[in-house]
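Results of the structural survey
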Amino acid sequence: MGGVRNLILVLGDQLTPTLSSLAAGEPARDLVLMAELHDEATYVRHHQKKIAFLFSAMRHFAEELRDAGWTVEYVKLDAPESRGSFTAQVEQAVSAHRPERIVVTEAGEWRVAQMLEEWREQFSTPVDILPDNRFLCSPHEFAQWADGRKQLRMEYFYREMRRKTGLLMYGDVPAGGKWNFDAENRKPAEASLFMPRPAAHAPDAITNDVLALVAARFGNHFGDLKPFWFAVTRNDAEAAFAAFVKDALPSFGDYQDAMLRGEPFLYHAVIALYLNCGLLDPLRVCQQVEAAYRAGAVPLNAAEGFIRQIIGWREYVRGIYWLKMPGYEHSNFFGHTRPLPDFYWSAQTDMACVKAAVTQTKEQAYAHHIQRLMITGNFALLAGIDPHELHEWYLCVYADAYEWVELPNTVGMSQFADGGLLASKPYAASGAYINRMSDYCGGCKYDVKRRAGPEACPFNALYWNFISRHREKIGGNPRMAQMVRTYDKFAADEQARIAQSAAAFLATL
Ligand code: FAD
Ligand code: DLZ
Ligand code: SF4
């Protein structure tokens, strides 16, 4: 092909027809480049289902663009033209097509953003890097909001986003007279509840080709490739979301923090994978939820809780990521250095809660928020696992994991490794919390009521050991100071039993 004006590179998490790089182009004159890349699939060894999901979604998106009149050069992983990395692939396309400019929407993560910046020096062809218009708050706006604030609390940022979008607002007044209805959202679930399932989509011929490719090339990565049921097209992702709004959203708020054996999804949306690669639009999904609330189909605590996750948490963690990168990935407030235990990969542990979370992660490339935060995250915090190793694990194993969203959640929220920039206190909890919010303990070898000894729930001794070990660092936080005082009231021999139990358990890791 000759006479190409713009070479538009579309990254794997930019599967959005209104993307800024595409909006700046013209189908008749520009060439779109998309590539399945060995480097991207292996910079961490992503879960097999995650790679299959993204490759299939990319292939379907290339078709969507072709149907809209674009010329797309789509390089499959095993094609002879495949060069393995963004830089080498663009270099090859530039020498083949001699475009006037390279155009790309800014990358979602620092590593790739740096790569794009380097192209300005590396290539003689000019490189245009355009803002990503799929977020409500740009990194620059977030930095302005953060400037001069002592604390960057999500709740205040969220109120700004409510005002900015007008979602669930009556003029200046939030719907229901309150910004946040979380106090109503702490119910443990019961197995007898009606449990909706996320919409499942049978693999088509494109997906089946991808599944064979992933099995052949990445079959030694963590995770089960099949059954594969994710949506891989915009239409199917939208249908999956519509089914969630109808079947699960009404109970989303109530049971947001619950965990149940054999129920990996509960009332969660299972849409982060679609939002994060661009198949679903964050503002649009919130508008649909608002419409369901205004139509009386969904209670306010559910609608508000859901919208807060998207325009609040999702935008906020992205703001923190760009504010603090590079360097944030090495945060380690507690100085934790223990290697990640093998059972994060094998699920071979007697702790029923951890086993359930890792098993479903392996099967589904999915765990819901409370499993990530209060089971695998909490365990790592209490056991003193190296936050960077844990970060790489989360980045590998979830189909929705991209560094901009995963890193602040892991390092900031779940490990408090940034010293409290993101979270107001460490999310550390003993077995009592897990027992209250789940039915895991009833099927566990360990006794959740015991604090120490070989039969005791390991979360208990590890929790008190964490409190005692880090008393200097956490004692300034009023909520943690209370726990330090409780620990100090334990008899000396009880404290010794706790230390001994924790040490004995940690020695087995
Ligand atoms: P639902 O529970 O149904 O929530 C709806 C949507 O709200 C999600 O799809 C997501 O887009 C958004 N959301 C909810 N909580 C958060 C949050 N804390 N941060 C950002 N968005 C949020 N989310 C990711 O998208 N990618 C990750 O790699 C990721 N890693 C995480 C790692 C840890 C240690 C923790 C504690 C959380 C992580 N999260 C991550 C946040 C959250 O757990 C997932 O967004 C959620 O579990 C995805 O499932 P869902 O779509 O069913 O979400
Ligand atoms: C996550 C991922 C994977 C597994 N594979 C590809 C790929 O082959 N080609 C591609 O363009 N993108 C892929 N991605 C997503 C990129 O890593 C993603 O664009 C960056 O993380 C965003 O900075
Ligand atoms: Fe998890 Fe402890 Fe309950 Fe077992 S007893 S399921 S280890 S919290």
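For the structure itself, look to the data block above.
Structure report, in brief. This structure is a prediction, so every number in the text was calculated from the model and none was measured.

What counts as what
Going along each chain's sequence as written, the residues are numbered from 1 onward. Both sets of labels track the order of writing: A upward for chains, 1 upward for ligands. Confidence filtering applies because this is a predicted model: local features only for residues at pLDDT of at least 70, side-chain atom pairs given and counted only at 80 or more, and all residues used for totals across whole chains, interfaces and linings. With hydrogens and water set aside, each side-chain value is computed from the structure's full complement of heavy atoms. Ring pairs shown here join Phe, Tyr and Trp side chains whose ring centres sit within 6.5 Å, with only the six-membered ring taken for Trp; geometry is labelled stacked below 30 degrees between planes, edge-to-face above 60, and tilted in between. A run of H or I in DSSP counts as a helix once it spans at least four residues, and a run of E counts as a strand once it spans at least two, with each numbered from the N terminus. Categorising residues by exposure relies on relative accessible area from a 1.4 Å probe, with only protein chains included: less than 20% of the type maximum marks a residue as buried, more than 50% marks it as exposed, and the intermediate range marks it as partly exposed. We count a charge as sitting over a ring when the NZ of a lysine or the CZ of an arginine lies within 6 Å of the ring centre and within 35 degrees of the ring normal. By the criterion applied in these results, polar contacts are pairs of N or O atoms within 3.5 Å in which, for protein atoms, one can donate a hydrogen and the other can accept it, and in which residues neighboring in sequence qualify only through two side-chain atoms. Contacts are assigned to residue pairs with any non-hydrogen atoms lying within 4.5 Å of each other. If DSSP finds at least two bridges between two strands, the strands pair. Here a helix's expected span is defined as the number of its residues, less one, multiplied by 1.5 Å. The directions considered for the arc are those from the helix axis to the C-beta atoms.

**So, the packing of aromatic side chains**
Both the distance between ring centres and the angle between the ring planes are used here to describe each pair of aromatic rings. Across all of its chains, the model carries 39 aromatic pairs by this definition. Centroid distance phenylalanine 379 to phenylalanine 459: 5.7 Å. Interplanar angle 70°. Geometry classified as edge-to-face. Remark: phenylalanine 459 occurs in helix α20 (residues 458-469) and phenylalanine 379 occurs in helix α16 (residues 369-383); sequence separation between them is 80 residues. We note that phenylalanine 379, like phenylalanine 459, is buried. Connected via pairs of aromatic rings, a cluster forms that spans Phe222, Phe343, Tyr344, Trp345, Phe379, Trp393, Tyr394, Tyr398, Phe459 and Phe505. Its end group placed over the ring of tyrosine 158, arginine 308 keeps NZ or CZ at 5.9 Å from the ring centre.

**Some thoughts on the side chain of serine 414**
Within the fold, serine 414 resides in helix α18 (residues 403-414). In this structure the side chain of serine 414 is engaged in a polar contact, spanning 3.0 Å, whose partner is the backbone oxygen of threonine 410. Setting aside anything within four residues of it in sequence, one finds serine 414 in contact with Leu373, Gly377, Leu381, Leu390 and Asn409.

**Some remarks on the pairing of strand β1 (residues 6-9)**
Neither face of β1 is exposed, since Asn6 and Ile8 on one face and Leu7 and Leu9 on the opposite face are all buried. Bridging between β1 and strand β4 (residues 101-105) involves four bridges; their strand directions are parallel. Its bridge partner lying in β4, leucine 9 is registered against valine 104. Direction of pairing for β1 relative to strand β2 (residues 31-35): parallel, over a ladder of three bridges. Counterpart to leucine 7 in the pairing with β2 is leucine 31.

**Here's the deal with helix α22 (residues 478-489)**
Between its first and last C-alpha, α22 extends 17 Å over 12 residues, near the 16 Å set by a 1.5 Å rise per residue. What α22 keeps buried is the set Met480, Ala481, Val484 and Tyr487. Seen end-on, α22 carries its buried residues on one side only, within an arc spanning 115°. More than 90 degrees from the buried face of α22, the exposed residues found are Pro478 and Lys489. The inward-facing, buried residues of α22 contact α20, α21 (471-474) and α23 (492-507). Looking at where α22 begins, the residue whose side-chain oxygen comes 2.9 Å from the main-chain nitrogen of arginine 479 is asparagine 477.

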